[in-house]
Amino acid sequence: MTFDYDDQNIFAKILRGEIPNNTVFENDHALAFRDINPQAAVHILVIPKGAYVSIDDFAANASAAEQAGFFAAVATVCASGVDEGFRAIANTRTHGVQEVPHFHMHIVGGEQLGRMLPA
Ligand code: AMP
């Protein structure tokens with residue numbers, strides 16, 4: 001599997017400061033911001049600052065420091081407002097209906113969610 005990164009995707013533009021975002025947390029390796037079209041009371045996206053297309057690209061190719069920084073950001077986001085539970089989602093490529101080709105983890109919660117997939 002090869003991963004071709006398109007640096008014109010919208011999250012790359014957010015990371016370059018070309019378009020605004022509603023940041024909730026940032027560290028050296030990751031940025032967390034509110035989804036522009038929230039699907040629940042809490043809907044935050046956590047993205048690595050590095051150029052990774054998808055979760056499998058990130059898992060295979062990101063450094064240990066990048067992975068630690070990313071999951072530190074996930075931990076911080078999840079420590080605020082989703083104590084009753086949440087869903088972490090990484091939509092991936094065509095079958096996963098990924099719209100933005102920069103790895104992002106959705107943290108969705110703050111209310112009772114429906115089933116993960118239709119029964
Ligand atoms: P996905 O289908 O997993 O690629 O989800 C992409 C997500 O990015 C969607 O939930 C969009 O609402 C969200 N999104 C797209 N553009 C922006 C933006 N400029 N700021 C925040 N969230 C965005």
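Refer to the preceding data block for the structure.
On a predicted model such as this, the values are computed, not experimentally measured, just so you know. (Residues numbered from 1 in each chain as written. Predicted model: local features only at pLDDT ≥ 70, side-chain atom pairs only at ≥ 80, totals over all residues. Heavy atoms only, no water.)

K.L.:
Would you mind showing me how to read the pattern of salt bridges here?
P.N.:
A side chain of one charge can pair with a side chain of the opposite charge if their charged atoms are brought near each other. In the structure shown here, the tally under the stated rule is 3 salt bridges. We note a salt bridge from Arg16 to Glu18, for which the minimum N-O separation is 2.7 Å. Between Lys49 and Glu26 there is a salt bridge, with its nearest N and O atoms 2.7 Å apart. Taken together, the positions of Lys49 in the loop between strand S3 (42-48) and helix H2 (55-61) and Glu26 in strand S1 (residues 23-26) put the pair 23 residues apart, joining distant regions of the chain. (Salt bridge = Lys/Arg side-chain N within 4 Å of Asp/Glu carboxyl O. Helix = DSSP H or I, 4+ residues; strand = E, 2+ residues; numbered from the N terminus.)

K.L.:
Before we go on, may I ask you to explain the environment of Gly81 in this structure?
P.N.:
In this fold, Gly81 is placed in the loop between helix H3 (64-78) and strand S4 (86-89). Taking the C-alpha atoms as reference, Gly81 lies 8.1 Å from Gly109; in sequence the two are 28 residues apart. Leaving out residues up to four positions away in the same chain, Gly81 has contacts with Val42 and Gly110. (Contact = heavy atoms within 4.5 Å.)

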